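Architecture at a glance
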Number of protein chains: 4
Amino acid sequence: MSTQKDVITLLISCPDKPGIVSTVSRFIYEHNGNILESDQHSTNQDDCTFFMRISFAEETFQLAPADLRKTFQPIAERFQMQWNVRYSRERLRVGILVSKYDHCLVDLLWRWKIGELTMGIPFIISNHPDLENLAAMYGIPYHHFPVKRETRVADEQRMLDFIGDKADLLILARYMQILEPFFVEAFPQRIINIHHSFLPAFIGASPYGQAFKRGVKLIGATAHYVTNNLDEGPIIAQDVIHCDHRDTVNDLERKGRDVERRVLAEAVRMHTTDRVLIHENKTVVF
Amino acid sequence: MSTQKDVITLLISCPDKPGIVSTVSRFIYEHNGNILESDQHSTNQDDCTFFMRISFAEETFQLAPADLRKTFQPIAERFQMQWNVRYSRERLRVGILVSKYDHCLVDLLWRWKIGELTMGIPFIISNHPDLENLAAMYGIPYHHFPVKRETRVADEQRMLDFIGDKADLLILARYMQILEPFFVEAFPQRIINIHHSFLPAFIGASPYGQAFKRGVKLIGATAHYVTNNLDEGPIIAQDVIHCDHRDTVNDLERKGRDVERRVLAEAVRMHTTDRVLIHENKTVVF
Amino acid sequence: MSTQKDVITLLISCPDKPGIVSTVSRFIYEHNGNILESDQHSTNQDDCTFFMRISFAEETFQLAPADLRKTFQPIAERFQMQWNVRYSRERLRVGILVSKYDHCLVDLLWRWKIGELTMGIPFIISNHPDLENLAAMYGIPYHHFPVKRETRVADEQRMLDFIGDKADLLILARYMQILEPFFVEAFPQRIINIHHSFLPAFIGASPYGQAFKRGVKLIGATAHYVTNNLDEGPIIAQDVIHCDHRDTVNDLERKGRDVERRVLAEAVRMHTTDRVLIHENKTVVF
Amino acid sequence: MSTQKDVITLLISCPDKPGIVSTVSRFIYEHNGNILESDQHSTNQDDCTFFMRISFAEETFQLAPADLRKTFQPIAERFQMQWNVRYSRERLRVGILVSKYDHCLVDLLWRWKIGELTMGIPFIISNHPDLENLAAMYGIPYHHFPVKRETRVADEQRMLDFIGDKADLLILARYMQILEPFFVEAFPQRIINIHHSFLPAFIGASPYGQAFKRGVKLIGATAHYVTNNLDEGPIIAQDVIHCDHRDTVNDLERKGRDVERRVLAEAVRMHTTDRVLIHENKTVVF
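Residues numbered from 1 in each chain as written. Chains lettered and ligands numbered in written order. Predicted model: local features only at pLDDT ≥ 70, side-chain atom pairs only at ≥ 80, totals over all residues. Heavy atoms only, no water.

As for the overall build of chain A
Counting its secondary structure elements, chain A contains eight helices and 13 strands. Relative to its length of 286 residues, chain A is compact, with a C-alpha radius of gyration of 21 Å against a globular reference of 19 Å. In terms of principal-axis extent, the alpha carbons of chain A reach across some 60 × 40 × 40 Å. Within chain A, the proportion of its 286 residues that are buried is 59%. Once local pairs closer than 6 in sequence are excluded, the contacts in chain A between residues at least 24 apart make up 65%. (Helix = DSSP H or I, 4+ residues; strand = E, 2+ residues; numbered from the N terminus. Rg over C-alpha atoms; globule rule 2.2 N^0.38 Å. Buried < 20%, exposed > 50% of the residue type's maximum accessible area, 1.4 Å probe, protein only. Contact = heavy atoms within 4.5 Å.)

Re the packing of aromatic side chains
Aromatic rings in a pair are described by how distant their centres are and how their planes are angled relative to each other. Scanning all chains against the criterion turns up 30 aromatic pairs over all chains. Ring plane angle 75 degrees and centroid distance 5.5 Å describe the contact between phenylalanine 123 of chain B and phenylalanine 162 of chain B, whose orientation is recorded as edge-to-face. In this pair, phenylalanine 123 of chain B is assigned in the loop between helix 3 (103-113) and strand 6 (124-126) and phenylalanine 162 of chain B in helix 5 (residues 152-163), connecting sequence segments 39 residues apart. Using a relative accessible area of 0% as the deciding quantity, one classes phenylalanine 123 of chain B as buried. Residues phenylalanine 145 of chain B and phenylalanine 162 of chain B carry aromatic rings whose centres are separated by 5.5 Å and whose planes lie at 50 degrees to one another, so their mutual orientation is tilted. Of this pair, phenylalanine 145 of chain B sits in the loop between strand 7 (142-144) and helix 5 while phenylalanine 162 of chain B is found in helix 5, placing the two residues 17 residues apart along the sequence. There is no split in this pair, since phenylalanine 145 of chain B and phenylalanine 162 of chain B are both buried. In this structure an aromatic cluster arises from ring pairing among Phe27, Phe56, Phe61, Phe72 and Trp83 of chain A. (Phe/Tyr/Trp six-rings, centres within 6.5 Å; stacked < 30°, edge-to-face > 60°.)

Quick word on the domain arrangement of chain A
Much of the literature gives interface size as the accessible area that the parts lose upon coming together. Residue and element names in this part refer to chain A. By domain assignment, chain A separates into domain 1 (7-87) and domain 2 (94-285). Centre-to-centre separation of domain 1 and domain 2, based on C-alpha positions: 31 Å. Facing the 13 residues of domain 1 at the interface are nine residues of domain 2. Both faces considered, domain 1 and domain 2 share a buried interface measuring about 850 Å² in area, 53% of it formed by carbon and sulfur atoms. The three residues of domain 1 that bury the most area against domain 2 are Leu11, Phe51 and Arg53, which together make up 51% of that side's buried surface. Taken together, the connections running from domain 1 to domain 2 amount to two salt bridges. The salt bridge involving arginine 86 is made with aspartate 274; its shortest N-O contact spans 2.6 Å. (Domains from an automatic or database assignment. Buried area = accessible area lost by both parts, 1.4 Å probe. Salt bridge = Lys/Arg side-chain N within 4 Å of Asp/Glu carboxyl O.)

What to know about the relation of the copies chain A and chain C
Mapping chain A onto chain C leaves a residual RMSD of 0.0 Å; the transformation is a rotation of 180 degrees accompanied by 0.0 Å of translation along its axis. Taken together, the turn and the small shift mark the pair as related by a two-fold rotation axis. Distance from the rotation axis, computed per C-alpha, reaches its smallest value in chain A at serine 22 of chain A: 2.8 Å. When the interface residues of chain A are mapped onto chain C, 100% of them again lie at the interface, so the same face is used by both copies. (Least-squares fit on C-alpha atoms with pLDDT ≥ 70 in both.)

Some points on the pairing of strand 5 (residues 94-98) of chain B
Walk down a regular strand and you will see the side chains alternate between the two sheet faces. Residue and element names in this part refer to chain B. Strand 5 sits mainly inside the fold: five of its five residues count as buried. Where burial is concerned, the two faces of strand 5 agree: the one with Val94, Ile96 and Val98 and the one with Gly95 and Leu97 are both buried. In terms of strand pairing, strand 5 meets strand 8 (residues 169-172) through four bridges, oriented parallel. Across the sheet, residue isoleucine 96 finds its bridge partner in strand 8, namely isoleucine 171. Where strand 5 meets strand 6, three bridges bridge the pair, whose relative direction is parallel. Each residue of the ladder has a partner; that of leucine 97, found in strand 6, is isoleucine 125. What joins strand 5 to strand 6 is helix 3, and the crossover it makes is right-handed. (Pairing = 2+ DSSP bridges. Right-handed = clockwise from strand over helix to strand, strands pointing away.)

Some remarks on the sheet that holds strand 11 (residues 235-242) of chain C
Residue and element names in this part refer to chain C. One open sheet holds the seven strands; their spatial order is 7-6-5-8-9-10-11, and the pairing between them is mixed. Two strands lie at the open edges of the sheet, namely strand 7 (142-144) and strand 11, each paired on one side alone. For this sheet, the mean inter-axis angle between neighbouring strands, taken without regard to orientation, is 15 degrees. Two strands pair when backbone bridges link them, and strand 8 (residues 169-172) and strand 9 (residues 191-195) are joined in this way by three bridges, in the parallel orientation. If you follow leucine 170 over to strand 9, its bridge partner there is isoleucine 191. (Axes fitted to C-alpha atoms, helices over the stretch in contact; angles between N-to-C directions.)

Digging into helix 3 of chain B
All names here are of chain B. Burial within helix 3 is extensive, with nine of its eleven residues counted as buried. Every buried residue of helix 3 is accounted for by His103, Cys104, Leu105, Val106, Asp107, Leu108, Leu109, Trp110 and Arg111. Looking one or two places after helix 3, you find glycine 115, whose phi comes out positive at around 90 degrees.

With respect to the nonpolar core
Of all hydrophobic cores here, the largest spans 78 residues; its most connected members are Ile124 and Leu264 of chain A together with Ile124 and Leu264 of chain D. Residues within four places of isoleucine 124 of chain D in sequence aside, it is in contact with Ile96, Val98, Leu105, Leu109, Ala135, Ile140, Pro141, Tyr142 and His143 of chain D. With 76 residues, the next largest nonpolar core counts Met119, Ala173, Ala267 and Val268 of chain C among its residues. (Core = buried A, V, L, I, M, F, W, Y, C linked by side-chain atoms within 4.5 Å.)

Regarding the interface of chain A and chain C
Contacts between the two partners involve 15 residues from chain A and, on the opposite side, 15 residues from chain C. Here chain A packs against chain C, burying approximately 1500 Å² in sum over the two surfaces, 49% of which is carbon and sulfur. For chain A, the biggest contributors to the area lost against chain C are Ser22, Tyr29 and Gln40 of chain A; these three give 30% of the whole. The interface formed by chain A and chain C contains zero salt bridges. Our enumeration of links across chain A and chain C arrives at one residue pair in polar contact (both at pLDDT 80 or more). Among the secondary structure elements, those contributing two or more residues to the side of chain A that touches chain C are helix 1 (20-30) and strand 2 (35-42) of chain A. Residue composition of the side of chain A that touches chain C, grouped by class: five nonpolar, six polar and four charged. (Polar contact = N/O pair within 3.5 Å; in protein donor to acceptor, adjacent residues only side chain to side chain. Nonpolar A, V, L, I, M, F, W, Y, C, P; charged D, E, K, R; others polar.)

As for the side chain of arginine 214 of chain A
Along the chain, arginine 214 of chain A turns up in helix 7 (residues 207-214). Buried within the structure, arginine 214 of chain A lacks any salt-bridge partner; its nearest side chain of opposite charge belongs to glutamate 232 of chain B, at an N-O separation of 6.2 Å. For arginine 214 of chain A, the side chain forms a polar contact with the main-chain oxygen of glutamate 232 of chain B, separated by 3.4 Å. Beyond its immediate chain neighbours, meaning those up to four positions away, arginine 214 of chain A contacts Phe202 of chain A together with Pro200, Asp231, Glu232, Gly233, Ile235, Asn281 and Lys282 of chain B. (Lys, Arg positive; Asp, Glu negative; His and termini not counted.)

Quick word on the packing of helix 3 (residues 103-113) of chain A against helix 8 (residues 249-272) of chain D
One can describe the packing of helix 3 of chain A onto helix 8 of chain D by two numbers: an axis separation of 13 Å at closest approach and a directional angle of 135 degrees. What the angle tells us is that helix 3 of chain A and helix 8 of chain D run oblique. The way helix 3 of chain A lies across helix 8 of chain D gives a crossing that is right-handed. Contacts from Asp107, Trp110 and Arg111 of chain A of helix 3 of chain A reach helix 8 of chain D at Arg257, Asp258 and Arg261 of chain D. Within the contact of helix 3 of chain A with helix 8 of chain D, the residues separate by chemical class into one nonpolar, no polar and five charged. (Parallel < 35°, antiparallel > 145°, perpendicular 65-115°, else oblique. Left-handed = near helix turned anticlockwise from the far one by under 90°.)

Considering the packing of helix 1 (residues 20-30) of chain C against helix 2 (residues 65-78) of chain C
Residue and element names in this part refer to chain C. Closest axis-to-axis distance for the helix 1/helix 2 pair is 11 Å, and the angle between their directions is 170 degrees. Relative to helix 2, helix 1 is oriented roughly antiparallel. Two packed elements cross with a definite hand, and for helix 1 against helix 2 that hand is right-handed. Judged by residue contacts, Thr23, Val24 and Phe27 of helix 1 engage Leu68, Thr71, Phe72, Ile75 and Arg78 from helix 2.

So, the relation of the copies chain A and chain B
Put simply, the two copies of the chain differ by a rotation about an axis and a shift along that axis. Once chain A has been moved 0.0 Å along the axis and rotated by 180 degrees, it coincides with chain B to within an RMSD of 0.0 Å. A symmetric contact is evident, with 100% of the interface residues of chain A recurring at the interface of chain B.

Thoughts on the pattern of salt bridges
A full pass over the atoms with the stated rule returns 92 salt bridges over all chains. When the shortest N-O distance is used, the salt bridge between aspartate 102 of chain A and lysine 113 of chain D registers 3.7 Å. Here aspartate 102 of chain A, found in the loop between strand 5 (94-98) and helix 3, pairs with lysine 113 of chain D, found in helix 3 (residues 103-113), and the two come from separate chains. Of the charged contacts in the structure, one is a salt bridge between aspartate 247 of chain B and lysine 255 of chain B, with a shortest N-O distance of 3.1 Å. Taken as a pair, aspartate 247 of chain B and lysine 255 of chain B share a single burial class, namely buried. A cluster of three or more residues bridged by salt bridges with shared partners is formed by Asp107, Arg111 and Glu116 of chain A together with Arg257, Asp258 and Arg261 of chain D.

Considerations on the interface of chain A and chain B
Across the contact, 33 residues belong to chain A and 33 residues belong to chain B. Together chain A and chain B conceal approximately 2700 Å² of surface at their shared face, both sides included; 55% is due to carbon and sulfur atoms. Summed over the three residues of chain A that lose the most area to chain B, namely Arg214, Lys217 and His245 of chain A, the buried surface amounts to 26% of that side. Our enumeration of links across chain A and chain B arrives at two salt bridges. As a salt-bridge pair, aspartate 39 of chain B and arginine 246 of chain A come within 3.9 Å of each other at their nearest N and O atoms. At the surface where chain A touches chain B, the tally comes to 18 residue pairs in polar contact (both at pLDDT 80 or more). When contributions to the side of chain A that touches chain B are tallied by element, the ones reaching two or more residues are strand 2, helix 7, strand 11 (235-242) and strand 13 (282-285) of chain A. The element that contributes the greatest number of residues to the side of chain A that touches chain B is strand 11 of chain A, accounting for seven residues. For the side of chain A that touches chain B, the residue count by class is 15 nonpolar, nine polar and nine charged.

As structure tokens, then:
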């Protein structure tokens, strides 16, 4: 990968009205920032919400982080912005949860190692011991937290206590458990799950089995933020692959693995490069 | 299109057991047929059903249609076959039902005119008068059968009486009405519908509106045989196209039109070239 | 289609330096324009060229066209901009050239009729009389300009004289002739061709025949601006479809028709909505 | 993966004439084989070559390997067949050659480990020491054979001596050297290369750089058998991914890695499951 310059990124959502782009770009220009990328979107609906992602080189920008926040605050208030500033040199810390299937984990670790995903991985958590060697290959601490039906709340509480504030984002890389509401609420819009179907088709268990039974001619995968409505959180990325009558459930699983890992990696890349804004139950991915 | 030789096609479903391929291919060979294409499939499941499509040149084949049927019958009985023979020179007669949207109809008529779809089109039926001119351009009789909620059964009976035995297959090319059970039962496995979503997602009305609301990152279309379970009949073909937050419902409709017409045309091409077998609620498409 | 508001679009290319976005967005804001879409791109290479497309509602904008040009000119000079302003209510006038194949023309005319392509079509020109009826169905004047090898220059000069300033853009919708240099130079960056291969593979004649011979597993289509280097002008859109050993050249042509018309329509939509900027031999498509 | 039964597969090419399917299927039936899959294809061109792949359970088949060969030989002679028999329990031995890029190797090894690719991997050869640890993780012997421009012939001869008859197939998993003709001739139609472009576009070095310069809107990868015409051997599998003006050469490489590894794995899966027949410079992939 090429040497990346340090970048500051502003993510903004606010009611749409004239002057936002002009004001924000002027703010950056006046403090000597050179805009590298700028994307905007407006829902153009009744509510008319405006979204903006604007990134600029940190090198020449004249405000230190605290000063940026202080100086930008009046602009944010004037336009009633929900906003967030991210410094690319502060990599997100991403914890990964897995069960026994390794395809998503293998893929994420490899992309991380070659620098395709720029993030830290403070830990891997699993309810099974199976993937410990894989974690060890990449030098990532692996923690086995068994989860049992009858002690699920206590089990997940123990996981949550362990995680504490060690992670900015959690990835469910085929973690085959439904998280308890209190766990999800501890990481609002900060848990990404990969579901092995093109949602909203085949919600819940055994989507490949459901797909086989229904006789669909394509199967897919969906990366989405986890909410407490099963498989109904905001979708970040989706893709599909064709299949036909020759494909057994095993074949669907094989084809699906390729789609799952690609879709999950894309969603993680988008999140960790600060390209995703959430609005109601949908995403804007710049 | 190149000159097509006349072809005889056998479509066979039966319990799987040794000797079927050998027996069928010997039957063809002994009567001087030259096999052009042969496809087979076995479910390899508990029921273990075997499917075969085998086509051979009519020119050299020594049995006339009636003799073929009579001579093959003992083989069919021996293997408990459900079977069907089709002569390519007897084009299927395909009636088309539409409402107001013209994209699928425009596409089918053009593909038919240039010889891409080999079939006859005895009539176009619509519950609206809007597309009469389009039908006239292609010289196809257009019949306006208004359907009203309160007289639906009588209205559809009138359509059915008109259709009589004029058609081997019906296509719902965005016919925006749910057909009554008695109508569907008059054409078992002989009505193809195009639904504007990747089923089983977004069953029923306004799938593009549903897709927009859910925030999916791809939209699709599904061609399937009509049964009396809405949008749940055997799927013949499906495809999708990517979309993102910039796409309004209008954009989804625009992108979707391209997918709908492509998927419907593919399903019709497969059916009219005798490539589809139905088994339970699924299709084998050779 | 929804009712479209009138929109003003600025297309800008210039050397990249700080302050461009801020200055342009401020210009729009100060004259009461409400920005609807804004896209930018920088090559980030040695030359470091900056590209911008910014559109805003005409309704509230306080400068008339002449005043906009006069007032923006000093900004353009300050940043050494190549720039262009487009009013959406002034539809581009798009002349279409065809030979005998109708698939691209059928598709463009239909998309134009339903309002998917917003443009005027002042004429269709062909070196064959075959598609006159099709043009007549849509009420477009059709002009037959035979082109012969031995009189090609004079023949094309006659076409050019006829076209005069009737068209802002020309589309070669499978016009199977190579235009003379003087003709191409009369419409610099204003002729779009559809080539029936994924360029740069299979330049020149019979790309489907070449593809069949090479045994590729996918075929494609490319829409590009015409230059005097055959099939080497800036690419606007490309797509492919899978094929296999079963596909004859006829099958490749059939599959290809679907890709060609989709790719050409996409390129025309992008050009006619002022979304394409050309830089050296490449395009930026916003 | 499910438990696979042992399977015998016949691969046949011969001049097309009536009776082949009948004779071959009768041969299998008479010796109590149960046909599992059967595919056939005829070029339908001047030469009219017929291809067939037919597989049946070994369990019930009454001929031992030597007897099968002896008994089938008269049939083969009668139809002038080039033919080959493969027993699924005799896994192909596949040697892998790499340079420094690890994405294809990581992917192949993982697919092999989870049983998605059924083959043996007797060795990995590289002209660089970089990927030795990766090989070690999977317990595969890694051999470093430096290749220098001035001693290339001797260097490759040393590799060839080492390989001897240890491998049935070689995979160039981004082995960034052009093999000498004598080396290629030692493994006719038994070396698979992954080229990082949609051939025949961008033959030779730096295809992503070439693609960037040309401004294409999609990039791709091609798996093909190696011949002594660079990048011109029979194509087994190809795929592409969309790109646009935002993509730098680094981005093309990132996107391309995903396509390369998927396409190479597909080609290897097809070869190792005896699904590829070569005819002239093209493949039939059943």
